[in-house]
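What follows is the residue order along each chain.
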Amino acid sequence: LEGGLELGRSVLASLQSDLRGKARSMALDLGDGSGNVLRLTRLREQAGVDSATLLNGNGQVISYSSTSNTQSLMPPLPNSNQLRQARQTRSISWIEGDAASGLNLNALTAVVSGLADESYLLLVQSVPPDIARNAESVESAYRDYQTLQLGRDSLKRVYTLTLTLTLLMGLFGAVMLAFFLAKRLARPLLILAEGTQAVAAGDFTPRAALETNDEMGILTRS
């Protein structure tokens, strides 16, 4: 599970690195300040990404290009924190979505140009569904394993308590059975002792006898 999880992370990290490289390359081509839709579309098609958005320093859209199957009126936009990180590190990437709705890789890169106003390029590339499903499956199995591992100590305590209670009940039952058997064995001996003492004192009146056919019953009756 750990190997599969690490493999899935490595694949996603490799895809992110590749997308950041494409974003940096496109940002260099857009460095002359020409960021019209036609040029952005040509660069997006050459890079083979789903969508490309050129933003100003405030995060407002300058131009936007997307494939026909992902074309929408409102392009994906980074939040203020992501813009701030891109301003500080010049290039960042992140993953959005899940296996059910689809994983999307995002790369935000600062466009270096001779213009006073700074701009940023946002690329979005969807992760292949098979990779997303397999990664989600391994991660889900790993989470389940971690949950079971965390519950192992609790399960041990439950089993220990159950076995301890069972042992105590067994000991209690054994003690009660021992008292019952001891009383059953001692009763004919007490009758025999009383009869013997009475005969020794010259009292030959009949005594209580055990109505059993074993050796102790025959002895007490005699």
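The structure contained in this document is the topic of the report that follows. (Residues numbered from 1 in each chain as written. Predicted model: local features only at pLDDT ≥ 70, side-chain atom pairs only at ≥ 80, totals over all residues. Heavy atoms only, no water.)

Details of the sheet that holds strand β3 (residues 91-98)
- Strand order in the open sheet formed by five strands is β2-β1-β5-β4-β3, with antiparallel pairing between adjacent strands. Looking at the sheet topology across the chains shown, the edges are occupied by β2 (61-66) and β3. Sheet twist, expressed as the average angle between the axes of neighbouring strands with direction ignored, equals 15 degrees.
- Those strands touched by helix α1 (residues 2-29) are β1 (51-56), β3, β4 (102-111) and β5 (119-126), and its axis lies near 35 degrees from that of β4.
- Along the sheet face, helix α2 (residues 37-47) touches β1, β2 and β5 and points at about 45 degrees away from the line of β2. (Pairing = 2+ DSSP bridges. Helix = DSSP H or I, 4+ residues; strand = E, 2+ residues; numbered from the N terminus. Axes fitted to C-alpha atoms, helices over the stretch in contact; angles between N-to-C directions. Contact = heavy atoms within 4.5 Å.)

Here's the deal with the pairing of β4
- Burial runs high along β4: eight of the 10 residues are buried.
- Here eight bridges tie β3 to β4, and the two strands are oriented antiparallel to one another. Directly across from Ile95, in β4, lies its bridge partner Leu105.
- Bridging between β4 and β5 involves eight bridges; their strand directions are antiparallel. (Buried < 20%, exposed > 50% of the residue type's maximum accessible area, 1.4 Å probe, protein only.)

Describing the nonpolar core
- Among the nonpolar cores identified, the biggest contains 20 residues, and Met26, Leu30, Leu121 and Leu123 are the most heavily contacted of them.
- Put simply, the parts of the chain that give this core at least two residues each are α1, α2, β1, β4 and β5.
- For this core, the element with the highest residue contribution is α1, accounting for five residues.
- Among residues more than four places away in sequence, those in contact with Leu123 are Leu19, Lys22, Ala23, Met26, Val49, Ser51, Ala52, Leu105, Asn106 and Ala107. (Core = buried A, V, L, I, M, F, W, Y, C linked by side-chain atoms within 4.5 Å.)

Here's the deal with the pattern of salt bridges
- According to the stated counting rule, one finds five salt bridges in the structure shown.
- Put simply, Asp130 and Arg133 hold a salt bridge, and the shortest N to O gap is 2.4 Å. In this pair, Asp130 and Arg133 both sit in helix α4 (residues 129-150), three residues apart, roughly one turn of the helix.
- Note that Glu139 and Arg143 form a salt bridge whose closest N and O atoms lie 3.6 Å from each other. (Salt bridge = Lys/Arg side-chain N within 4 Å of Asp/Glu carboxyl O.)

What to know about a nonpolar patch on the surface
- On the surface, a nonpolar cluster with roughly 510 Å² of combined accessible area is contributed by Leu161, Leu165, Leu167, Leu168 and Leu171.
- With respect to the helices and strands, the residue Leu168 is situated in helix α5 (residues 152-200). (Patch = residues over 30% accessible without salt bridge, like charges linked within 9 Å, V, L, I, M, F, W, Y side chains within 5 Å. Areas by Shrake-Rupley, 256 points an atom, 1.4 Å probe, with all protein chains shown as cover.)

Description of the side chain of Ser119
- Counting through the fold element by element, Ser119 comes out in strand β5.
- Note on Ser119: relative accessible area 11%, which makes it buried.
- Look past the residues within four positions of Ser119 in its chain and what remains in contact with it is Leu54, Leu55, Asn56, Ile62, Thr109, Ala110 and Val111.

Some details on the packing of α1 against α4
- Interaxial distance between α1 and α4 falls to 9 Å at its minimum, and their mutual angle equals 145 degrees. Crossing handedness for the pair α1 and α4: left-handed. On α4, the residues touching Glu2, Gly4, Leu5 and Val11 of α1 are Ile131, Val138, Glu139 and Tyr142.
- Of the residues assigned to the contact of α1 with α4, the class counts are five nonpolar, one polar and two charged. (Left-handed = near helix turned anticlockwise from the far one by under 90°. Nonpolar A, V, L, I, M, F, W, Y, C, P; charged D, E, K, R; others polar.)

Quick look at unusual backbone geometry
- A positive phi angle, close to 75 degrees, is found at Arg90, a residue other than glycine.
- On the secondary structure map, Arg90 appears in the loop between α3 (80-89) and β3.
- Judged by its relative accessible area of 39%, Arg90 is partly exposed.

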